[in-house]
Amino acid sequence: MSPTTPTNPPTDDPVGGVSAEFPPQNATDEVVSAGVAERQREPNTPTRWWAAYALLPTGLARDVTFEVEDGRFASVTPDTEPGGAERLPGVVLPGLANAHSHAFHRALRGRTHDRGGTFWTWRERMYAVARRLEPDSYLALARATYAEMALAGIACVGEFHYLHHQPDGTPYDDPNAMGEALRRAAREAGIRLTLLDTCYLVGGLSADGHAPLSPEQQRFGDGDAERWAERVARLADDATTRIGAAIHSVRAVPREHLATVATTNGGRPLHVHLSEQPAENEACQAFYGLTPTGLLDAEGVLGPHTTAVHATHLTDADIEALGTSHTTACFCPTTERDLADGIGPARRLLDAGAPLSLGSDQHAVIDLLEEARALEMNERLDTLQRGRFRPDELLATATDHACLGWTDAGRLEAGARADLVAVRLDTPRTAGSAPEQVLLAATAADVDTVVVDGRAVVTGGRHALGDVGALLTDAIDPLWEDQ
Ligand code: ZN
């Protein structure tokens, strides 16, 4: 979701190798559970796995052996005997990619439904949480949230990060302290991170122009795009982290700064909230005489490295512009229904040439299987037709790592990063389902084993960090004290 009022260097795989950092090498006892310390002494992840079913790029395969070397698949071979390989239950999918996250919004789950309200009243609750977070509490909340993602089969998250500075807007001693907390959180939770550092300059857009940041928005802002770029230039990739960029929205970044963010980006992933609510379109049209998509197109923001998040309320010309520029459209169906945003034109965008990805966004739900299913179900409700997306198309949206800058992940094939997600086919939800249609039946609760970059993060439905529910409770409860 995208809250404002309606009114470095190149990217191509500078790291090369695959992480050996999970379990975390520099974790300290006060910040991680004893379970992690225990596992640090037992780095015994198997290098040969076997599954009765797997969804390979060629479709459903039987009796598949996966050989892992240095965090990548050395081979993926169907029609094999398990031999001494570690057996995986159910059907194996590639690692899922959560292309749009605001980790701290996880604290709002189950706390915003008592008074009805609107997107904008929801935002007031979100600000109440945002003003309490400091690097330590941000780390704890993000680590627990990312661990919940790992339990759901998510191997990589795109964090749309705008909680940059102290609550009054003063930078921390390390101006990237909050971003670094996210980096550490993902590493300790065992998943990869694309840190989409977000330019957020003004408080909203109306027909009269942009409003200054409100007091509760001060910590999001860098002043102008140049200062934003200087701060981001101090961040560097590592084995499990990619640095990308984001324009919060046309509401939060005035026109004269858009091209600066887009060009500074230099081929890295660039994400932007787009037309989530009709009010954004109305304000943009009234002030600029353009739709938000039209404005981004005019300023050179669209393109194959760009992802438009939500893309809910679009004109025919907007769909054409996003499709012909091959801008990815990231849908967040569980958020879009939670916030009463509407149903975006997913099928039409894909047909026009825009790849699709998925995000859990504000984390009312963290379940990419549910997001993929909702993509199809929303289309059915909207068009009165079934089968708008094939199951393999839904899997492609749920595993789109490319929009996060990881072009070597999301496929079960030799050379790719060794991410495996085993989904059980014998639970009350999935029993009797055809393996190739598992996305239409399973939930995150059916994920049994998750391997990221060759390392087992989740085994038997249990995260290496231990009790993720307890981690979430410990991180969230203090944020609501006296509120
Ligand atoms: Zn968002």
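All residue numbers refer to positions counted from 1 along the written sequence of the respective chain. pLDDT decides what is reported in this predicted model: residues at 70 or higher carry local features, side-chain atom pairs at 80 or more are listed and counted, and totals for whole chains, interfaces and linings draw on all residues regardless. Computation of side-chain values: all heavy atoms of the structure, hydrogens and water removed.

**What about the pairing of strand β3 (residues 72-77)?**
Moving on, step 1. Pairing between strands is defined by DSSP: at least two bridges between the two strands are required. Helix numbers and strand numbers start at the N terminus; a helix is a DSSP run of H or I with at least 4 residues, a strand a run of E with at least 2. Of the pairings in the sheet, the one linking strand β2 (residues 59-69) to β3 comprises five bridges and is antiparallel in character. Bridge pairing in β3 links F66 to V76.
Moving on, step 2. Counting the residues that bridge the hairpin from β2 to β3 gives two residues, and of these D70 lies at a positive phi of roughly 50 degrees.

**Concerning the state of the cysteines**
Moving on, step 1. In this description, the term disulfide denotes a pair of cysteine sulfurs within 2.5 Å. Evaluation of the coordinates by the stated rule reveals zero disulfides.
Moving on, step 2. No disulfide involves C156; its sulfur sits 8.6 Å from that of C403, the nearest cysteine.
Moving on, step 3. Relative accessibility under 20% of the residue-type maximum defines a buried residue, over 50% an exposed one, and the middle range a partly exposed one, all with a 1.4 Å probe and only protein chains included. The exposure class assigned to C156 is buried, which follows from its relative accessible area of 0%.
Moving on, step 4. Not engaged in a disulfide, the cysteine C199 finds its nearest cysteine sulfur in C284; these two sulfurs lie 16 Å apart.

**Remarks on the environment of A74**
Moving on, step 1. By secondary structure assignment, the location of A74 is in strand β3.
Moving on, step 2. On a C-alpha basis, the gap between A74 and F119 in space is 47 Å, while along the polypeptide they are 45 residues apart.
Moving on, step 3. Here, two residues are considered to be in contact whenever any of their heavy atoms come within 4.5 Å of each other. Setting aside anything within four residues of it in sequence, one finds A74 in contact with E67, V68, E69 and A414.

**Describing the sheet that holds β2**
Moving on, step 1. Strand order across the open sheet formed by eight strands is β3-β2-β1-β4-β15-β16-β17-β18, with mixed pairing between neighbours. Strand pairing shows two members of the sheet lacking a second neighbour, β3 and β18 (462-463), which therefore form its edges.
Moving on, step 2. As judged from the five bridges shared by strand β1 (residues 48-56) and strand β4 (residues 86-93), these two strands associate in the parallel manner. Looking across to β4, one finds that A51 is bridged to L88.

**Looking at the sheet that holds strand β11 (residues 270-274)**
Moving on, step 1. What the eight strands build is an open sheet, ordered β5-β6-β7-β10-β11-β12-β13-β14; its pairing is parallel. Of all the strands in the sheet, the pair left with one neighbour each is β5 (96-101) and β14 (356-358). Neighbour-to-neighbour, the strand axes of this sheet turn through a mean angle of 25 degrees, independent of strand direction.
Moving on, step 2. Strand direction decides the pairing type here: strand β10 (residues 241-247) and β11, joined by three bridges, are parallel. Directly across from A246, in β11, lies its bridge partner H271.
Moving on, step 3. Contacting β7 (192-199) and β10, helix α5 (residues 225-232) crosses the sheet at an angle of about 155 degrees to β7.
Moving on, step 4. Inter-axis angles, ranging from 0 to 180 degrees, are taken between N-to-C directions of lines fitted to C-alpha atoms, where helices are fitted over the stretch in contact. This element, helix α13 (residues 391-398), spans β5 and β14 of the sheet and lies at about 65 degrees to β14.

**Brief notes about the packing of aromatic side chains**
Moving on, step 1. We call Phe, Tyr and Trp rings a pair once their centres come within 6.5 Å, taking the six-membered ring for Trp, and we label the pair stacked below 30 degrees between planes, edge-to-face above 60, and tilted otherwise. On inspection of all chains with the given rule, the structure shows seven aromatic pairs.
Moving on, step 2. Considering the side-chain rings of F66 and F73, the 5.6 Å spacing of their centres and the 40 degrees angle between planes classify their relative orientation as tilted.
Moving on, step 3. Residue classification places F66 among the buried positions, given a relative accessible area of 0%.
Moving on, step 4. Ring centres of Y162 and F220 lie 4.8 Å apart, and the angle between their planes is 80 degrees; on these two criteria the pair is classed as edge-to-face. Highlighted residues: Y162 in the loop between β6 (154-161) and α4 (177-189) and F220 in the loop between β9 (209-211) and α5, separated in sequence by 58 residues.
Moving on, step 5. In this structure F220 comes out as buried when scored by relative accessible area, which is 0%.
Moving on, step 6. The ring of W406 is capped by R192, whose NZ or CZ atom sits 5.4 Å from the centre of that ring.
Moving on, step 7. Only lysine NZ and arginine CZ atoms are considered, and such an atom sits over a ring when it is within 6 Å of the ring centre and within 35 degrees of the ring normal. Between R242 and the ring centre of W406, over which it is positioned, the NZ or CZ distance is 4.2 Å.

**Topic: the domain arrangement of the protein chain**
Moving on, step 1. Taken as a whole, the protein chain is organised into domain 1 (29-94 + 419-476) and domain 2 (96-404).
Moving on, step 2. As annotated, the domain borders come from an automatic or database domain assignment. Domain 1 and domain 2 are separated by 27 Å when their C-alpha centres are compared.
Moving on, step 3. Contacts between the two partners involve 30 residues from domain 1, matched on the other side by 32 residues from domain 2.
Moving on, step 4. Between domain 1 and domain 2 the total buried area reaches about 2,700 Å² when both faces are included, carbon and sulfur atoms providing 71% of it.
Moving on, step 5. Per-residue buried area on domain 1 facing domain 2 is highest for L439, L440 and I476; these three make up 24% of the total on that side.
Moving on, step 6. By convention in these notes, a salt bridge is any Lys or Arg side-chain nitrogen within 4 Å of a carboxyl oxygen on Asp or Glu. Inspection of the domain 1/domain 2 interface yields two salt bridges.
Moving on, step 7. The definition of a polar contact used here is a pair of N or O atoms within 3.5 Å, where within protein one atom must be able to donate a hydrogen and the other to accept one, and adjacent residues in sequence count solely through side-chain atom pairs. For the pair domain 1 and domain 2, the number of links is seven residue pairs in polar contact (both at pLDDT 80 or more).
Moving on, step 8. Of all the elements in the fold, those that place two or more residues in the side of domain 1 that touches domain 2 are β16 (447-452), β17 (455-459), β18 and α14 (468-480).
Moving on, step 9. In terms of residue count, α14 provides more of the side of domain 1 that touches domain 2 than any other element does, five residues in total.
Moving on, step 10. Tallied by class, the residues present in the side of domain 1 that touches domain 2 amount to 22 nonpolar, four polar and four charged. In short, buried area is how much 1.4 Å probe accessible area vanishes from two parts on joining, totalled over both. Throughout this entry, Asp, Glu, Lys and Arg are counted as charged residues, while Ala, Val, Leu, Ile, Met, Phe, Trp, Tyr, Cys and Pro are counted as nonpolar. The remaining residues, Gly among them, count as polar.

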